[in-house]
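As a plain string of letters, each chain reads:
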Amino acid sequence: PEALATPRRDSSAPDSLPAGVGLAISNGDKGPAIDRIVAGSPAWHCKKLDVGDLICRINEQDVANCTLEAIHDKLEGADRTQVSLTVRKADGHELSVGLLRQHTASVPILFSRRGERIVVAQAQRQLTNQLIPGDQILAVDSTPLVDLSSSDILGLLNGPVGSTVILDVRKGSLGFSSSKRVVLRRTEAINVREQRSSSRCVFSSLSPSPVRS
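Visitor: How should the overall build of the protein be read in this particular structure?
Guide: Each helix and strand counted, the protein has 3 helices and 15 strands in total. Looking at the protein as a whole, 46% of its 213 residues are labelled buried. In the protein, of all internal contacts separated by at least 6 residues, the share reaching a separation of at least 24 is 61%.

Visitor: Just to check I follow, could you spell out the layout of surface pockets for this structure?
Guide: One way to see where empty space is left: roll a probe the size of a water molecule over the atoms. Taken as a whole, the second largest pocket holds about 150 Å³ of empty space. Along its surface, the second largest pocket is lined by Gly-28, Asp-29, Lys-30, Ala-33, Gly-52, Leu-54, Arg-88, Lys-89 and Ala-90. A class-by-class count of the residues in the lining of the second largest pocket yields 3 nonpolar, 2 polar and 4 charged.

Visitor: I would appreciate a short explanation of the nonpolar core in the present structure.
Guide: Within soluble globular proteins, side chains that are nonpolar tend to cluster in buried spots. Counting residues in hydrophobic clusters, the biggest one holds 22 residues, and the most contacted among them are Leu-23, Leu-49, Leu-85 and Leu-99. Leu-23 has contacts with Ile-34, Arg-36, Ile-37, Ala-43, Leu-49, His-72, Leu-75, Leu-85 and Val-192, leaving out every residue within four places of it along the chain. Membership of the second largest hydrophobic core comes to 17 residues, among which are Val-120, Ile-153, Val-169 and Val-182.

Visitor: Help me understand the pairing of strand 13 (residues 164-171) in this model?
Guide: Look at any regular strand and the pattern is simple: side chains alternate between the two faces of the sheet. Alignment of strand 10 (residues 136-140) against strand 13, held across 4 bridges, turns out to be antiparallel. Bridge pairing in strand 13 places Ala-139 opposite Asp-168. By the bridge criterion, 8 bridges tie strand 13 to strand 14 (residues 178-185) in an arrangement that is antiparallel. Each residue of the ladder has a partner; that of Val-165, found in strand 14, is Leu-184.

Visitor: It is not clear to me how the environment of Arg-36 should be interpreted in this structure. Could you clarify?
Guide: Within the fold, Arg-36 resides in strand 2 (residues 31-37). Sequence separation between Arg-36 and Asp-50 is 14 residues, and the spatial gap between their C-alpha atoms is 8.4 Å.

Calculation notes
- Residues numbered from 1 in each chain as written.
- Predicted model: local features only at pLDDT ≥ 70, side-chain atom pairs only at ≥ 80, totals over all residues.
- Heavy atoms only, no water.
- Helix = DSSP H or I, 4+ residues; strand = E, 2+ residues; numbered from the N terminus.
- Buried < 20%, exposed > 50% of the residue type's maximum accessible area, 1.4 Å probe, protein only.
- Contact = heavy atoms within 4.5 Å.
- 1 Å grid on protein atoms, 1.4 Å probe; cavity = no way out; pocket = protein on both sides within 12 Å on 5 of 7 lines; lining within 4 Å.
- Points joined across faces, edges and corners; volume = space filled by probe spheres on them.
- Nonpolar A, V, L, I, M, F, W, Y, C, P; charged D, E, K, R; others polar.
- Core = buried A, V, L, I, M, F, W, Y, C linked by side-chain atoms within 4.5 Å.
- Pairing = 2+ DSSP bridges.

It is worth stressing that arrangement in space is one thing and function is another; only the former is reported here.
Given below as C-alpha cells:
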C-alpha cells in the first residue's frame, strides 16, 4: 500500500536549529530551482510556488550564482521571521512572495492507503494505548480525508513544531467498531536538506534521521 505519513524526522529540540520555509533547492539546467515543497510548511501553505520554479532572489539579493548551501542558509533564520523570495515561473514571469519561517514538524505515526481508507500503518510505542495498526483515520482537525491527495493529507498532519492535531479514528474490526478522537503533538522536525533527492514522502520505518527545515 502507498505510504502517506510523514518524512523521516528527528525529535531533537528545534531551538538549536534555524527555522525554514519548507523548500528543498537543487541545481537545474537553468540554475537553482525548487526541488521539493514540504507539505504543511509555509511554502506549501503559500499555494503560489511549484516544483521547478527558478530561484532568482532572496530578500532582494540575487542568488543565481550562490551555492545550494548558501541559498538554504538565506532561506533559514529565526523562527517566525519573514523572508521574501522571488522565483521565475515556467512561463517566464517573476513572482515574489513573503514567507514566515517556522520549524515544520510531523506527528510520530505512519499511514497507508487501503482502497479508499486511510489507516494507521505504524505508531511509536508510547501511542499503543491510543492508536494501533489498522485503525482508520476519518478526519484530521475535523477535515474529512475522503478524496484528499497524499500531499493534502500530509499538509493537514504537518505544522509548527509543538502544535497539536486531532485525529478522528475508527477502531475495531470483525463487525465491531468504535470511534474516538486522538490528540497528537507535532514533535518530529522535518529537514529538507537531508531529503533533497527525495520527491515522495514515503518511508517504511520510524527510525530517526538528523533533520531541520
